[in-house]
Amino acid sequence: MSENSFKTGVSCIVMDSKDNVATLLCDVKAGENLSFNLNGISHNIIVQQDVKFCHKVAIRPVKKGERIIKYGESIGAATEGIDEGEHVHVHNIEGIRGRGDQKAGSRRDSNDII
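Residues numbered from 1 in each chain as written. Predicted model: local features only at pLDDT ≥ 70, side-chain atom pairs only at ≥ 80, totals over all residues. Heavy atoms only, no water.

Draft legend 1. Geometry of the overall build of the protein chain. Each helix and strand counted, the protein chain has 1 helix and 9 strands in total. N-terminal to C-terminal, the α/β element order of the protein chain is α-β-β-β-β-β-β-β-β-β. Residue burial in the protein chain is summarised as follows: out of 114 residues, 35% are buried. Within the protein chain, residue pairs in contact and separated by at least 24 positions form 43% of the contacts whose partners lie at least 6 positions apart. (Helix = DSSP H or I, 4+ residues; strand = E, 2+ residues; numbered from the N terminus. Buried < 20%, exposed > 50% of the residue type's maximum accessible area, 1.4 Å probe, protein only. Contact = heavy atoms within 4.5 Å.)

Here it is in structure tokens:
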């Protein structure tokens, strides 16, 4: 498969109907349109920032504290609200795997007493 096949065809991956991010298969620039199909339905979003290959972009608005879902699995929680088309990476998500304070979907905020 040639490198150009990604740039002229598929530009991102959304694997599961629970996903709230797309994983990029090429670098994209702010203002570019991303298209993907999910459950037979075409979707389009406008990328808000320049985003690098293999990074993630929100495919719908994500609220602060909401789980980030990639390939049907939780990969972290949003540390701030994330708009559709925004870059999703370490600057706006936190890892939650293996954290006892994150069991059963609960989230502590900065006011909780430990």
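We are not done yet, so read on.
Draft legend 2. Fine view of the pairing of strand β6 (residues 67–70). Note that β6 and strand β7 (residues 73–78) share 4 bridges and pair antiparallel. Directly across from Lys-70, in β7, lies its bridge partner Glu-73. (Pairing = 2+ DSSP bridges.)

Draft legend 3. Structural view of the sheet that holds strand β9 (residues 93–94). Taken in spatial order, the 3 strands line up as β6-β7-β9 in an open sheet, and their pairing is antiparallel. The open sheet has two edge strands, β6 and β9, and neither has a second partner.

Draft legend 4. Quick look at the nonpolar core. Membership of the largest hydrophobic core comes to 14 residues, with the highest contact counts inside it found for Leu-24, Val-28 and Leu-34. Element by element, the count of residues in this core is highest for strand β3 (residues 33–38), at 3 residues. Residue contacts for Leu-24: discarding those within four places in its chain leaves Ser-11, Cys-12, Leu-34, Val-51, Lys-52, Phe-53, Cys-54, His-55 and Val-57. Counting 8 residues, the second-largest nonpolar core is a separate cluster that includes Ala-58, Val-62, Ala-78 and Ile-93. (Core = buried A, V, L, I, M, F, W, Y, C linked by side-chain atoms within 4.5 Å.)

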